[in-house]
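# Descriptive analysis of the structure
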Amino acid sequence: MLPTKKNARARARSLPSKLRPMPDDPPTRKYTKRKKASSVSTARPKLGGGGITPKKSSKYDKKEAVQRPTPEDILAGRGGGTNRHDGNIRFRDEARRLRMIYKDGETDRRAKFMISQELVTRVRQYGGRFLEKGHDGRWYEMDEKSARKKASQVLREEKWE
């Protein structure tokens, strides 16, 4: 029997409602799953208060800002201001002393970790702190992991040799 419109309609009615062809479907796609109408809206509800959005939490919220960086402090950031800071210059000098060991081909990953930790310890011994600028423009002390990462980066750099 040849397919006719009448046969196609009868066949479509006998299918479960999920598999019935959509009325606007092109003729090449016979049977598609219908999307369920959702009664629950996925849109975010708007907060009342005249367009006031809640303040996003920041990693600096619980930290106290440093009033003024000292010459012993290491400032994280880019540009001449941080590069010419006395603490950063001294930090790079300390790193130069350890760089030969750090870059030695036989130094394994664990030893490099220990060398970068030693650099952080030396800075803290002479009273230096690792500071980074927050979104509010004030300086905050870095956590131990970030300070060690900064030390590792300075040990890898060849720019200041």
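Because the structure is predicted, anything quoted here is derived from the model rather than measured.

## Comments concerning the sheet that holds strand S3 (residues 139-141)
If you walk across this open sheet you meet the three strands as S1-S2-S3, and the pairing is mixed. Only two strands of the sheet have a single neighbouring strand rather than two, namely strand S1 (74-75) and S3. Inspection of the sheet shows strand S2 (residues 130-133) paired to S3 by three bridges, in the antiparallel sense. Bridge pairing links Glu132 to Tyr140 in S3.

## Re the nonpolar core
Core analysis: the largest hydrophobic core is formed by 17 residues, its most contacted members being Ile74, Phe91, Leu119, Val123, Phe130 and Leu155. Discounting residues that sit within four places of it in the chain, Phe130 has contacts with Ile74, Phe91, Val120, Val123, Arg124, Tyr140, Glu141, Met142, Ala147 and Lys150.

## Thoughts on the environment of Glu141
Looking at where Glu141 falls in the secondary structure, it is placed in strand S3. The exposure class assigned to Glu141 is partly exposed, which follows from its relative accessible area of 32%. Sequence-wise, Glu141 and Ile74 are 67 residues apart; in three dimensions their C-alpha atoms are separated by 9.7 Å. Once you skip the residues sitting within four places of it in the chain, Glu141 turns out to touch Lys63, Val66, Arg124, Arg129, Phe130 and Leu131. Here Arg124 takes part through its side chain, which lies 3.5 Å from a polar atom of the side chain of Glu141.

## Examining the packing of aromatic side chains
Throughout the structure, instances matching the rule amount to one aromatic pair. Summarising the aromatic geometry, the rings of Phe91 and Phe130 are spaced 5.5 Å apart at their centres and angled 85° between planes, so their arrangement reads as edge-to-face. Of the two residues, Phe91 is situated in helix H3 (residues 86-103) and Phe130 in strand S2; the sequence distance between them amounts to 39 residues. Here Arg90 stacks its cationic end above the ring of Tyr126, 3.5 Å away from the centre of that ring. The ring of Tyr102 is capped by Lys112, whose NZ or CZ atom sits 5.3 Å from the centre of that ring.

Cut-off values and rules
Residues numbered from 1 in each chain as written. Predicted model: local features only at pLDDT ≥ 70, side-chain atom pairs only at ≥ 80, totals over all residues. Heavy atoms only, no water. Pairing = 2+ DSSP bridges. Helix = DSSP H or I, 4+ residues; strand = E, 2+ residues; numbered from the N terminus. Core = buried A, V, L, I, M, F, W, Y, C linked by side-chain atoms within 4.5 Å. Buried < 20%, exposed > 50% of the residue type's maximum accessible area, 1.4 Å probe, protein only. Contact = heavy atoms within 4.5 Å. Polar contact = N/O pair within 3.5 Å; in protein donor to acceptor, adjacent residues only side chain to side chain. Phe/Tyr/Trp six-rings, centres within 6.5 Å; stacked < 30°, edge-to-face > 60°. Lys NZ or Arg CZ within 6 Å of the ring centre and 35° of its normal.

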